[in-house]
Amino acid sequence: MTVTPTPTLTPNSPSPERTSVVVVGAGPAGLALGTVLRDAGIDCVVLECETRAFIERRPRAGVIEEWAVDALDRRGLAGNLLKRAERHTACAFRFDGGQHRFSYTELTGRHHFVYPQPLLVTDLVREYADVRGGDIRFGVRDVTVRDVGTDRPTVTYTCAETGEQRVLQGEFVAGCDGARGVTRRALTDAGARVARHDYGIGWLALLAEAPPSADCVLFGMHPDGFAGQMPRSPEVTRYYLQCPPGDDPANWPDDRVWTQLQRRLAADGAAPLTEGRLIEKRVLDMHDYVVEPMSVGRLFLAGDAAHLVAPIAAKGMNLALHDAFLLGDALVAHRAGDDGALSAYSRDCLRRVWDYQEFSQWLSEVYHGISHGDPFRAGTTLARLRRLFTSPAAAAAFAEQYLGTADRY
Ligand SMILES: Cc1cc2nc3c(=O)[nH]c(=O)nc-3n(C[C@H](O)[C@H](O)[C@H](O)COP(=O)(O)OP(=O)(O)OC[C@H]3O[C@@H](n4cnc5c(N)ncnc54)[C@H](O)[C@@H]3O)c2cc1C
């Protein structure tokens, strides 16, 4: 791949501050990477465009896979999570008026953990900045990555406090700035390919101030559309409702939301959902993308900056952590003179990424096939669902992908 020249600094630019790794973005990927580097004594600077208070409250994920919890724990990052997270043992599919419980822990001995993303981000900021003394700069603006094809890439930004332009020069830049960041552009400008998949489906993502109505994740496959319940805490529950892509949340007044949730998640013998105040209501257009390769020159992407998995299978934050730990370990090995892991970084991440993307597509058909309006797709979707409860081989395959427990990718 050729690296096209990026604008270099002018003689009027401020003199650069040196560090080893510039990490752009303080989400799960950037913060996990920062703590690995701090632990290894590698200096780094994390740049974040939002405030600390904002990122510690931003609601998103909740489901974390057991291997990811183990990886956090091995690095001393799971203390609060292990005390406070709920351990889930099953999920339930509601379709054809019935409820079908899928007890994955009985099958595999493994769990899902439920721990809201803002709590994990709060823990990671504290570990990186307060406990390990890491350098993190909030509220930065105008972040630009330059010279990634050289051995001295630079990142310029505008300082929140002074409004002055600053320049950081590192050995490496880690682009951990999520789906709406700027670092992916630097990679695609250098020739990386973006593969994208649109589902043509929207989800109304909701957070309700109400306890979960069941002790596990619920998937409702209904002719009106998919609905899901994802417990977040004893007080807050995430719900999803399938809707047209680009729909306006204003089309979903609270009573319409609850009527549709009650209808799509109804099952014989199941109590009605516990309703509560809706504190988040936004439409997500379901799409996935993968940037390949995930690095060029001295710029390495991690997490949503490199690949987005629609929240269909609750995989994005898990992948972000997976990338961050691989990249952190690879940079530590590089410091010790071994470049093997850094060279293999993109390939090693992408195996798990593509596997999770494929599972997400498969699961999307399970969620949305019945409401598509095509009786043929509805028939094959019901066959898939029934197979999970009649074929031990199909159940084992689903559990492995749902929990992300395959040994090798
Ligand atoms: C409704 C919903 C539910 C989800 N549920 C789950 C789930 O249950 N399980 C799961 O695994 N995943 C889930 N996900 C996905 C998960 O939230 C993301 O995959 C995860 O946040 C990715 O982490 P990241 O660190 O790569 O990116 P982010 O969390 O997006 O962090 C990127 C950071 O970079 C900052 N930034 C952006 N641009 C710049 C810039 N130019 N300069 C400096 N900083 C910048 C951002 O402010 C942000 O703090 C869900 C997503 C949504 C939307």
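This is a predicted model, so every value here is computed, not measured.

Definitions and cut-offs
- Residues numbered from 1 in each chain as written.
- Predicted model: local features only at pLDDT ≥ 70, side-chain atom pairs only at ≥ 80, totals over all residues.
- Heavy atoms only, no water.
- Core = buried A, V, L, I, M, F, W, Y, C linked by side-chain atoms within 4.5 Å.
- Buried < 20%, exposed > 50% of the residue type's maximum accessible area, 1.4 Å probe, protein only.
- Helix = DSSP H or I, 4+ residues; strand = E, 2+ residues; numbered from the N terminus.
- Contact = heavy atoms within 4.5 Å.
- Near = heavy atom within 4 Å.
- Polar contact = N/O pair within 3.5 Å; in protein donor to acceptor, adjacent residues only side chain to side chain.
- Areas by Shrake-Rupley, 256 points an atom, 1.4 Å probe, with all protein chains shown as cover.
- Domains from an automatic or database assignment.
- Salt bridge = Lys/Arg side-chain N within 4 Å of Asp/Glu carboxyl O.
- Pairing = 2+ DSSP bridges.
- Buried area = accessible area lost by both parts, 1.4 Å probe.
- Nonpolar A, V, L, I, M, F, W, Y, C, P; charged D, E, K, R; others polar.

Undergrad: Would you take a moment to explain the nonpolar core for this structure?
TA: Core analysis: the biggest nonpolar cluster contains 79 residues, and Val21, Leu33, Ile64, Leu72, Leu81 and Leu120 have the highest contact counts within it. Considering every element that reaches this core, the biggest residue donor is helix α9 (residues 316-335), with nine residues. Excluding its chain neighbours within four sequence positions, the residues that come into contact with Leu72 are Leu77, Ala78, Leu81, Leu120, Leu124, Leu321 and Phe325. Phe226, Tyr240, Phe359 and Leu403 belong to the second-largest nonpolar core, a separate cluster that totals 33 residues.

Undergrad: Help me understand the site of the ligand in this model?
TA: Taken together, the neighbourhood of the ligand is formed by 37 residues, with Glu48, Arg58, Arg60, Gln117 and Met317 sitting nearest. At a separation of 2.6 Å, an oxygen atom of the ligand approaches a polar side-chain atom of Glu48. Take Asn318: an N or O atom from its side chain is 2.9 Å from an oxygen atom of the ligand. Starting from 1,000 Å² of accessible surface for the ligand in isolation, the protein chains cover 92%. Among the elements of the structure, α1 (28-39), β17 (237-243), β18 (277-292) and α9 are those that each provide at least two residues to the shell around the ligand. Of all the elements, α9 adds the most residues to the shell around the ligand, at four residues. Both domains that meet at the shell around the ligand, namely domain 1 (17-81 + 116-195 + 288-358) and domain 2 (89-110 + 199-286 + 370-403), each give it at least three residues.

Undergrad: Please explain the side chain of Gln357 as it appears in this structure.
TA: Tracing the backbone through its elements, the reader meets Gln357 in helix α10 (residues 340-368). Given a relative accessible area of 5%, Gln357 falls into the buried group.

Undergrad: Can you walk me through the pattern of salt bridges in this structure?
TA: Two side chains bearing opposite charge may form a pair once their charged atoms approach each other closely. This model, assessed by the stated rule, comprises 23 salt bridges. With a closest N to O distance of 3.8 Å, Glu164 and Arg166 form a salt bridge. For Arg166, a relative accessible area of 28% puts it in the partly exposed group. Two residues, Glu209 and Arg277, come together in a salt bridge whose shortest N-O distance is 3.1 Å. Residue Glu209 is located in strand β14 (residues 193-209), and its partner Arg277 is located in strand β18; the two are separated by 68 residues in the primary sequence. Glu209 gets classed as partly exposed once you look at its relative accessible area, which sits at 38%.

Undergrad: Can you walk me through the pairing of strand β13 (residues 172-175) in this structure?
TA: A regular strand places its side chains on the two faces of the sheet in alternate fashion. Residues Phe172 and Ala174 line one face of β13 and the alternating positions Val173 and Gly175 line the opposite face, and both faces are buried. Judged from the four bridges that link them, strand β2 (residues 21-24) and β13 form a sheet pairing that is parallel. From the neighbouring strand, Val22 faces β13, where its bridge partner is Val173. Pairing analysis gives three bridges linking β13 to strand β20 (residues 299-301), with the strands arranged parallel. Bridge assignment links Val173 to a residue of β20, and that residue is Leu299.

Undergrad: Honestly, the domain arrangement of the protein in this entry has me stumped. Any pointers?
TA: A common way to express how large an interface is: the accessible area buried when the components associate. The domain architecture assigned to the protein consists of domain 1 (17-81 + 116-195 + 288-358) and domain 2 (89-110 + 199-286 + 370-403). Between domain 1 and domain 2, the contact holds 16 residues from the first and 14 residues from the second. Summing both sides of the interface, domain 1 and domain 2 together bury roughly 1,300 Å²; the carbon and sulfur share of this comes to 50%. Across the contact surface, domain 1 and domain 2 share one salt bridge. Notably, a salt bridge pairs Arg110 with Glu66, separated by 3.4 Å at the nearest N-O pair. Where domain 1 touches domain 2, the interface holds six residue pairs in polar contact (both at pLDDT 80 or more). Every element with two or more residues in the side of domain 1 that touches domain 2 is listed here: β4 (63-65), α3 (66-74) and α10. Tallied by class, residues from the side of domain 1 that touches domain 2 come to eight nonpolar, one polar and seven charged.

Undergrad: I'm lost on the sheet that holds β18 in this one. Help?
TA: Whenever strands of a sheet pair, they do so through backbone hydrogen bonds, lying parallel or antiparallel. The eight strands are arranged β7-β6-β15-β16-β17-β14-β18-β21 in an open sheet whose pairing can be described as mixed. Of all the strands in the sheet, the pair left with one neighbour each is β7 (98-102) and β21 (307-308). Note: β14 against β17, seven bridges, orientation antiparallel. The residue of β17 that forms the bridge with Ala208 is Thr237.

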